[in-house]
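So the chains spell out like this:
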Amino acid sequence: MPLVVDHVIPTSVGGRNELDNLAAACYRCNEFKGAKISGRDPLSNEEATLFNPRIQVWSEHFSWSDEGLYAKGETATGRATVETLQLNNPYVTESRKIWIAEDWHPPL
């Protein structure tokens, strides 16, 4: 699955073209994200900021279920990110099955 450079804060909403605002992202996730910086938390139905990999710790907002097949949001930010970026879409879950079988996933 190819990676692309993502603007954590999109330039269209004031983000900069500087290293601290750039992150590697799956191109599908990046397409789902678009210019969004927040999404709806499906538990509270309120807006929550999307996960920022430059300043937040993944394990504080997410966990893996079904031995790594599905990303699970543990906070409002995590849940909004899973939903908005469609982190459990069929394409990526099929890819994760292969990665799990090869012992490449989930990351430690």
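Please refer to the structure higher up on the page.
Residues numbered from 1 in each chain as written. Predicted model: local features only at pLDDT ≥ 70, side-chain atom pairs only at ≥ 80, totals over all residues. Heavy atoms only, no water.

(A) Quick peek at the packing of aromatic side chains. Tallying each qualifying case throughout the model produces 3 aromatic pairs. Taking the centre distance of 5.2 Å and the plane angle of 25° together, the rings of Trp 58 and Phe 62 count as stacked. The class for Trp 58 is partly exposed, based on a relative accessible area of 34%. Look at Trp 58 and Trp 64: their rings are 5.2 Å apart centre to centre, the planes differ by 25°, and that puts the pair in the stacked class. Put simply, the rings of Phe 51, Trp 58, Phe 62 and Trp 64 pair up and form one aromatic cluster. Sitting over the face of the ring of Tyr 91, Arg 28 holds its NZ or CZ atom 3.7 Å from the ring centroid. (Phe/Tyr/Trp six-rings, centres within 6.5 Å; stacked < 30°, edge-to-face > 60°. Buried < 20%, exposed > 50% of the residue type's maximum accessible area, 1.4 Å probe, protein only. Lys NZ or Arg CZ within 6 Å of the ring centre and 35° of its normal.)

(B) Examining a nonpolar patch on the surface more closely. A cluster of nonpolar side chains, contributed by Ile 9, Val 13 and Ile 37, occupies part of the molecular surface with about 220 Å² of accessible area. Note that Ile 37 resides in the loop between α1 (27-33) and β3 (38-40). (Patch = residues over 30% accessible without salt bridge, like charges linked within 9 Å, V, L, I, M, F, W, Y side chains within 5 Å. Areas by Shrake-Rupley, 256 points an atom, 1.4 Å probe, with all protein chains shown as cover. Salt bridge = Lys/Arg side-chain N within 4 Å of Asp/Glu carboxyl O. Helix = DSSP H or I, 4+ residues; strand = E, 2+ residues; numbered from the N terminus.)

(C) Local environment of the pattern of salt bridges. By the definition in use, this model includes 7 salt bridges. Salt-bridge contacts for Glu 74 lead to Lys 72; the nearest nitrogen and oxygen are separated by 3.9 Å. Residues Lys 97 and Glu 94 are paired through a salt bridge, measuring 3.0 Å at the closest nitrogen-oxygen approach. Within this pair, Lys 97 and its partner Glu 94 are both found in helix α4 (residues 90-101), separated by 3 residues, close to a single helical turn. Residue classification places Lys 97 among the partly exposed positions, given a relative accessible area of 42%.

Geometric descriptors of this kind do not, in isolation, establish any biological role.
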